[in-house]
Amino acid sequence: MVKTYTNWSELAEKAIQGERLTMRESLELLEAPDDELLRIMDAAFQVRRHYYGKKVKLNLIINAKSGLCPEDCGYCSQSIVSKAAITKYPLLEKETLVDGARKAMELKVGTYCIVASGRGPTGRELDQVVEAVKEIKSTMPMKICACLGILSEEQAVKLKEAGVDRYNHNLNTSKANFGNITTTHTYDDRVETVEKAKAAGMSPCSGCIIGMGETNEEIVEMAYALRELDADSIPVNFLNSIPGTPLENRRDLDPRYCLKVLALMRLICPTKEIRVAGGREVNLRSMQVLALYAANSVFVGDYLTTEGQEATADHQMIEDMGFEIELCAL
């Protein structure tokens, strides 16, 4: 007897009506056979189209400070426990940060992400970012997202006053799995920083990294947590196992599963910007284009210490899909 699977379109309608998927429905989606994949992606697209049409937001990262980080995050080439061969440098000068924004504009990017390694910014580093943000905002119609680690309330307010629109601090993994990935700070530390960013008036950006040993149930719990946190933007990263990091040998993902995760995030957080982020090129591979049926946002260019594909290839992918780049994210 052939098993009958969930009517995925009914789940899409449930999401549009504001109802949260149950754990059972969510697990059935993640564990569905690959023959169901196109139906699942169609359901995700029904929700994506309802809230975002066929527009795609583009984001670009500048690695503002590389390495030199005292945290022990097992996935990260910049952490103190990493032996990865990366370039290390202190915070880039203001002029370099501003120039990066100009290059982002040329690539049709709406959100420019200033990312710095470390537990959190020093006073001098924060001032340097603040001065760069002020100049960018006064000269370019661009959304600025900062990702500088753990913040105090005062630092969050200072960033908001400078013109930072959004603050990123990912949950990364489930609360239950967190201690297996990082021990130098806690899951609650991350939640508190997102809440401080929200309290200061910045748009909260928080997401996850899939492929770090979490269970399907934990992935659903992460999606629930991000919904509860009310993150406006949810970057969904897929582990890019970097040689020299503690997770260098993890290879848990395939493209079909990654697409199911993106669909799940869209259905559980239907109104939010779902951003297919780090590791998409190495994990989705030839199926990257299908991610746009669930995600309405992508990174272009390189990531922190790993390469992405050429921005022009992303532009072509979006055009080939019949989608449209959203030139202004403000």
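Up top is the structure.
This is a predicted model, so every value here is computed, not measured.

Parameters at a glance
Residues numbered from 1 in each chain as written. Predicted model: local features only at pLDDT ≥ 70, side-chain atom pairs only at ≥ 80, totals over all residues. Heavy atoms only, no water. Helix = DSSP H or I, 4+ residues; strand = E, 2+ residues; numbered from the N terminus. Rg over C-alpha atoms; globule rule 2.2 N^0.38 Å. Contact = heavy atoms within 4.5 Å. Areas by Shrake-Rupley, 256 points an atom, 1.4 Å probe, with all protein chains shown as cover. Lys, Arg positive; Asp, Glu negative; His and termini not counted. Charge placed at Lys NZ, Arg CZ, Asp CG, Glu CD. Buried < 20%, exposed > 50% of the residue type's maximum accessible area, 1.4 Å probe, protein only. Salt bridge = Lys/Arg side-chain N within 4 Å of Asp/Glu carboxyl O. Expected span 1.5 Å × (residues − 1). Polar contact = N/O pair within 3.5 Å; in protein donor to acceptor, adjacent residues only side chain to side chain. Phe/Tyr/Trp six-rings, centres within 6.5 Å; stacked < 30°, edge-to-face > 60°.

Colleague: I'd love a proper account of the overall build of the protein chain, names of residues and values included.
Modeller: Scanning the protein chain for helices and strands turns up 12 helices and 10 strands. The C-alpha radius of gyration computed for the protein chain amounts to 19 Å, which stays within 12% of the reference 20 Å derived for 330 residues, consistent with globular compactness. For the protein chain, the spread of C-alpha atoms along the principal axes amounts to about 65 × 40 × 35 Å. Across the protein chain, every contact between residues at least 6 apart in sequence was considered, and the portion connecting residues at least 24 apart equals 76%. Total accessible area on the protein chain stands at roughly 13800 Å², and carbon and sulfur atoms take up 49% of it. Each charge sign in the protein chain was given a centre, from 39 positive and 48 negative side chains, and these centres are 2 Å apart.

Colleague: Describe the environment of Cys 76, and please don't skip the residues or the numbers.
Modeller: Summarising the element assignment, Cys 76 is placed in the loop between β1 (55-65) and α4 (94-106). A residue is classified by how much of its surface remains accessible, and Cys 76, at 19% relative accessible area, is buried. Dropping the residues within four chain positions of it, Cys 76 is found in contact with Ser 82 and Thr 245.

Colleague: I'd like a description of the pattern of salt bridges, backed by residues and values.
Modeller: Going through the model one piece at a time under the given rule, you end up with 25 salt bridges. Between Glu 71 and Arg 119 there is a salt bridge, with its nearest N and O atoms 3.3 Å apart. Residue Glu 71 is located in the loop between β1 and α4, and its partner Arg 119 is located in the loop between β2 (111-116) and α5 (123-139); the two are separated by 48 residues in the primary sequence. The class for Glu 71 is buried, based on a relative accessible area of 6%. Owing to a relative accessible area of 38%, Arg 119 belongs among the partly exposed residues under this scheme. Each of Lys 94, Asp 99, Arg 102, Lys 103 and Glu 135 takes part in a single network of salt bridges with overlapping partners.

Colleague: Kindly report on α5, identifying the contributing residues and their values.
Modeller: With 17 residues, α5 should reach 24 Å at 1.5 Å per residue; the first-to-last C-alpha distance of 25 Å fits that figure. Considered for burial, the residues of α5 that qualify are Glu 125, Leu 126, Gln 128, Val 129, Val 130, Ala 132, Val 133 and Ile 136. Buried residues in α5 make contact with β1, α4, β2, β3 (143-147) and α6 (153-162).

Colleague: Which residues make up the side chain of Lys 14, and what are the values?
Modeller: Along the chain, the position of Lys 14 falls in helix α1 (residues 8-16). Only 2.8 Å separates the side chain of Lys 14 from the side chain of Glu 25, close enough to count as a polar contact.

Colleague: Report on the packing of aromatic side chains, specifying residues and quantitative values.
Modeller: Any aromatic ring pair is given by two values, namely how distant the centres are and how the planes are angled relative to each other. Under the counting rule described, the total for this entry stands at 4 aromatic pairs. Here Phe 45 and Phe 323 contribute two aromatic rings whose centre-to-centre distance is 6.1 Å and whose plane-to-plane angle is 15°, an arrangement assigned as stacked. Of this pair, Phe 45 sits in helix α3 (residues 37-52) while Phe 323 sits in the loop between α12 (311-320) and β10 (324-326); the two residues are 278 residues apart in sequence, bridging distant segments of the chain. On the basis of relative accessible area, Phe 323 is assigned to the buried category, the value being 9%. Judged by centre distance (6.4 Å) and plane angle (90°), the rings of Tyr 293 and Phe 323 are edge-to-face. Of this pair, Tyr 293 sits in the loop between α11 (280-284) and β9 (297-299) while Phe 323 sits in the loop between α12 and β10, placing them 30 residues apart in sequence.

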